[in-house]
Amino acid sequence: MEIVEFEPRYAEAFRTLNEAWISKHFSLEAKDREVLEDPQGKILDKGGRIFMALKDGEPVGCVALIRMADGGYEVAKMTVTEAARGSGLGKRLMERCIEAAREAGAPRLYLETNSSLAPALALYRAMGFRDLAPAETEYARCDVWMERPL
């Protein structure tokens, strides 16, 4: 498997990968649709990045770094296909996020998630994320806030 920078040809895969995991656990929200329908405008044009995980040239995972006002990045829209779960791909995607944020001189990574996602929470904590107090969010499903200083 390889992790590559987003290209326009991956827009459909970015959308469908995320719609699949969100719909399995939650409901797609307005903010999801806004970002998934326009990753170029909502993420990349605002100084963010998207990484795609490919297996034999086919997208099997993705993650976005959304630029924040404080110079940090929000880790968002991270998912891998059912077939790729348990392969360590989530860890590799997170490592790429940490590396990219450090290269950019970001002070921190931030994320919002849900307490029902035990494997994701375990990964985030293993990668150095710590819990934060609740904050304002655009996502109804969010009940856990975390950050990783860089």
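Throughout what follows, the structure given in this document is the object of discussion.

Cut-off values and rules
- Residues numbered from 1 in each chain as written.
- Predicted model: local features only at pLDDT ≥ 70, side-chain atom pairs only at ≥ 80, totals over all residues.
- Heavy atoms only, no water.
- Phe/Tyr/Trp six-rings, centres within 6.5 Å; stacked < 30°, edge-to-face > 60°.
- Buried < 20%, exposed > 50% of the residue type's maximum accessible area, 1.4 Å probe, protein only.
- Salt bridge = Lys/Arg side-chain N within 4 Å of Asp/Glu carboxyl O.
- Disulfide = S-S within 2.5 Å.
- Pairing = 2+ DSSP bridges.
- Helix = DSSP H or I, 4+ residues; strand = E, 2+ residues; numbered from the N terminus.
- Axes fitted to C-alpha atoms, helices over the stretch in contact; angles between N-to-C directions.

**Overview of the packing of aromatic side chains**
Item 1. For the coordinates displayed, the defined rule picks out three aromatic pairs.
Item 2. Each ring, one from F6 and one from F14, has its centre 6.2 Å from the other, and the planes form 75°; the classification is edge-to-face. The same class applies to F6 and to F14, which are both buried.

**Topic: the pattern of salt bridges**
Item 1. For the structure on display, the rule yields 19 salt bridges.
Item 2. Note that E7 is salt-bridged to R9, the shortest N-O span being 2.8 Å.
Item 3. We note a salt bridge from E82 to R85, for which the minimum N-O separation is 2.6 Å.
Item 4. Here E82 falls in the partly exposed class, since its relative accessible area comes to 49%.
Item 5. R85 gets classed as partly exposed once you look at its relative accessible area, which sits at 37%.

**Looking at the state of the cysteines**
Item 1. Tallying each qualifying case throughout the model produces zero disulfides.
Item 2. Counting only cysteine sulfurs, C62 is the nearest neighbor of C97, a cysteine outside any disulfide, at a range of 10 Å.
Item 3. Summary of cysteine pairing: C142 is not part of a disulfide, and the nearest cysteine sulfur, belonging to C97, is at 17 Å.

**Section: the sheet that holds strand β7 (residues 144-149)**
Item 1. If you walk across this open sheet you meet the seven strands as β1-β2-β3-β4-β5-β7-β6, and the pairing is mixed. The open sheet has two free edges, formed respectively by β1 (2-5) and β6 (130-132), since each of these has just one partner strand. Taking each pair of neighbouring strands and ignoring which way they run, the sheet shows an average axis angle of 30°.
Item 2. Direction of pairing for strand β4 (residues 73-80) relative to strand β5 (residues 108-113): parallel, over a ladder of two bridges. Bridge pairing in β5 links E74 to Y110.

The values are spatial; any link to function lies outside them.
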